[in-house]
Amino acid sequence: MKRTGLRRGALGALAAACATALTVAACSSGSSSSSAAAAGGGASGAASSSGASTSLPTVTMMVGGINKQIYLPYQLAQSLGFYKKYGVNMVLSSEQAGGVGAEDAMASGQVDLAGAWYVHTINFQLKGKAVEDIAQLSGSPGERIMCATGTHITSPAQWKGQSIGVTDLGSGTDQLTQYLGARYGLKHGTDYNTVAAGDGSTMIAALEHHKILCGMTTQPTVAAIEKLGVGYPAFDLTTTAGVQKWLGGFVPTAGVLAQTSWVDANKPTVQKVVDAIVATMHWLSTHSAADVANVLPASFVNNALVTKATYISTLATDKTQFLPDGMMPSDGPGIILAISKLAGVVTGPVDLGTTYTNSFVIDANKTLGYSG
């Protein structure tokens, strides 16, 4: 397969640098550290929890890759100072490659909240655990399926007999990949299989060394893959047209998840968190990609994977994935359930009404003056 861009030796060096950069940007020590704040940069709200006012309730949240563009609102709220402004000391941490997933850390009580995909609320319900989405950040996955240069993939039907990379087995990207395969007549595990390829340097290496035909990933990995000539975007799941074509409608993904028991026991604190998130989503919808990049920690927007200029240009293209008000789209849960069923994940009845709530978001919008 013909390759363009950097030579293999240079790619190896860059991959190593990528791994170092991502480790620094996304490091955490569970719920006791604030990795995003420690990454540096940002506005007044980016100070670590050690300097927080003791009068504010402390809330811990783990994010499934805090330096990814699809997850930027969690840190943006911190950098803007909105968590403290609306009454909480938020301690952010980031999911580690090969470690406990953000949603599992939340469900096991290691952290209070998870910055993760809405679909996990359905997965947990099927396991007998009550988890709900208290604020919805995006209406599309913000992902692209990158296929190896020279493969000319234009349809999931061409995956037959191949391995497709996902962030991790059982993840939201795994379920979406299986859904796309099923829509095009392929049976997972028989016609093709999914491989845990992570993101950043590991996804790049998997494509480069032919471990996978294609892989589902997000910015800034997408930009790095294109710059290196390792792959190209075959399926766009960031734009309205893209999700309509490949997924059949708006697909709510990144949200704020919590155990229902924790929500019920901490409603005033939950409201403060949601107020901060909703204020952030409105700020994000009314500011440019450059404004966002200037507020985020420097290591998020300029590292071994991406330059600040590229970060801004890709965010400008993909920013419409974010919802302006934090509301769960009315048809979103039904579409996610249909995706999960077709992917073969749903094995029993699901009560969608208990997997999310808009009540805190509605109150937040009213308080902030955005209702009506």
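To be clear, the structure that these remarks concern was listed above.
Residues numbered from 1 in each chain as written. Predicted model: local features only at pLDDT ≥ 70, side-chain atom pairs only at ≥ 80, totals over all residues. Heavy atoms only, no water.

*Asks:* How do you make sense of the sheet that holds strand 5 (residues 143–148) when you look at a structure like this?
*Replies:* The pairing of strands in a sheet happens through backbone hydrogen bonds and is either parallel or antiparallel. Sheet architecture is open: 5 strands sit in the order 7-6-8-5-9, paired in mixed fashion. A strand with exactly one partner marks an edge of an open sheet, and here the two such strands are strand 7 (193–196) and strand 9 (231–237). Recorded for the sheet is a direction-independent mean angle of 25° between the axes of neighbouring strands. In the sheet, strand 5 pairs with strand 9 via 6 bridges, with the strands oriented antiparallel. When the sheet's bridge partners are listed, Ile145 is paired in strand 9 with Phe235. Across the sheet, helix 8 (residues 201–208) lies against strand 5, strand 6 (163–166) and strand 8 (214–217), angled at about 165° from strand 8, the strand it touches most. (Pairing = 2+ DSSP bridges. Helix = DSSP H or I, 4+ residues; strand = E, 2+ residues; numbered from the N terminus. Axes fitted to C-alpha atoms, helices over the stretch in contact; angles between N-to-C directions. Contact = heavy atoms within 4.5 Å.)

*Asks:* How should the side chain of Ser171 be read in this particular structure?
*Replies:* Relative to the helices and strands, Ser171 is located in the loop between strand 6 and helix 7 (172–183). A distance of 2.6 Å separates a polar side-chain atom of Ser171 from the backbone oxygen of Asp168. (Polar contact = N/O pair within 3.5 Å; in protein donor to acceptor, adjacent residues only side chain to side chain.)

*Asks:* Can you walk me through the pairing of strand 6 in this structure?
*Replies:* On any regular strand, side chains alternate: one points to one face of the sheet, the next to the other face. Of the two faces of strand 6, the one lined by Ser163 and Gly165 and the one lined by Ile164 and Val166 are each fully buried. Here strand 6 runs beside strand 7; their pairing, made up of 4 bridges, is parallel. Pairing of Gly165 across the sheet is with Val195, part of strand 7. As defined by bridge partners, strand 6 adjoins strand 8 across 2 bridges and the pair is classed as parallel. Its bridge partner lying in strand 8, Ile164 is registered against Cys214. (Buried < 20%, exposed > 50% of the residue type's maximum accessible area, 1.4 Å probe, protein only.)

*Asks:* I keep staring at the sheet that holds strand 4 (residues 131–136) and nothing clicks. Help me out?
*Replies:* One open sheet holds the 5 strands; their spatial order is 2-1-3-10-4, and the pairing between them is mixed. Unpaired on one side and paired on the other, strand 2 (89–94) and strand 4 mark the two borders of the sheet. Direction aside, neighbouring strands of the sheet carry axes that sit 30° apart on average. On top of the sheet, helix 3 (residues 72–79) reaches strand 1 (58–63), strand 2, strand 3 (113–117) and strand 10 (254–259); it is set at about 140° to strand 2, its chief contact.

*Asks:* Where do I start with helix 15 (residues 308–318) in this structure?
*Replies:* What sets the pattern is the α-helix's 3.6 residues per turn: residues three or four places apart point alike. Taken as a whole, helix 15 has its buried residues at Tyr311, Thr314, Leu315 and Asp318. What you see down the axis of helix 15 is that its buried residues fit within an arc of 100°, all on one side. Set apart from the buried face of helix 15 by more than 90 degrees, the exposed residues are Ala309 and Ala316. On its buried side, helix 15 packs onto helix 3, strand 5, helix 9 (221–228), helix 13 (289–295) and helix 14 (298–301). (Arc of directions from axis to C-beta.)

*Asks:* I keep staring at empty space enclosed by the protein and nothing clicks. Help me out?
*Replies:* Empty space among the atoms becomes apparent when a probe as large as a water molecule is rolled across them. For the structure on display, the rule yields 2 cavities of 30 Å³ or more. The computed volume of the largest cavity comes to approximately 70 Å³. Lining the largest cavity are Trp117, Tyr118, Val119, Gly172, Gln175, Leu176, Val251, Pro252, Thr253, Ile336 and Ile339. Of all the elements in the fold, those that place two or more residues in the lining of the largest cavity are helix 7 and helix 16 (332–342). With 3 residues, the top contributor of residues to the lining of the largest cavity is helix 7. Its residues placed into classes, the lining of the largest cavity shows 8 nonpolar, 3 polar and no charged. (1 Å grid on protein atoms, 1.4 Å probe; cavity = no way out; pocket = protein on both sides within 12 Å on 5 of 7 lines; lining within 4 Å. Points joined across faces, edges and corners; volume = space filled by probe spheres on them. Nonpolar A, V, L, I, M, F, W, Y, C, P; charged D, E, K, R; others polar.)

*Asks:* I keep staring at the side chain of Gln178 and nothing clicks. Help me out?
*Replies:* With respect to the secondary-structure elements, Gln178 resides in helix 7. On the basis of relative accessibility, which here comes to 13%, the residue Gln178 falls in the buried class. Leave out the neighbours within four places in its chain, and Gln178 touches His188, Tyr192 and Ala343.

*Asks:* I keep staring at the environment of Asp275 and nothing clicks. Help me out?
*Replies:* Mapped onto the fold, Asp275 is located in helix 12 (residues 267–285). The exposure class assigned to Asp275 is buried, which follows from its relative accessible area of 10%. Sequence-wise, Asp275 and Gly326 are 51 residues apart; in three dimensions their C-alpha atoms are separated by 9.7 Å. Setting aside residues up to four positions removed in sequence, Asp275 forms contacts with Tyr86, Ala364 and Leu368.

*Asks:* What is the right way to look at the nonpolar core in this model?
*Replies:* Across soluble globular proteins, you tend to see nonpolar side chains buried next to one another. The biggest cluster of nonpolar side chains holds 95 residues, and the ones touching the most others in it are Tyr83, Leu113 and Trp159. When residues in this core are grouped by element, the largest group, 10 residues, is from helix 12. Membership of the second largest hydrophobic core comes to 11 residues, among which are Met62, Ala102, Phe124 and Leu257. (Core = buried A, V, L, I, M, F, W, Y, C linked by side-chain atoms within 4.5 Å.)

*Asks:* Teacher, can you tell me more about the pairing of strand 3 here?
*Replies:* Across the 5 residues of strand 3, 5 count as buried, placing the element largely inside the fold. Summarising the sheet, strand 1 and strand 3 pair through 3 bridges and their orientation is parallel. Bridged to Met61 within strand 3 is Leu113. Where strand 3 and strand 10 come together, 5 bridges link them in antiparallel fashion. Each bridged residue has a counterpart across the sheet, and for Ala114 the counterpart in strand 10 is Leu257.

*Asks:* So what exactly am I meant to see when it comes to unusual backbone geometry here?
*Replies:* Across the chain, the bulk of peptide bonds are trans and the bulk of non-glycine residues have phi less than zero. Of the consecutive residues Gln219 and Pro220, the connecting peptide bond is found in the cis state with omega at 10°. By the secondary structure assignment, Pro220 is in the loop between strand 8 and helix 9. For His152, which is not a glycine, the phi torsion comes out positive at approximately 55°. Position of His152 among the secondary structure elements: in the loop between strand 5 and strand 6. In the Ramachandran plot, His210 falls in the positive-phi region, its phi being about 60° despite a non-glycine side chain.

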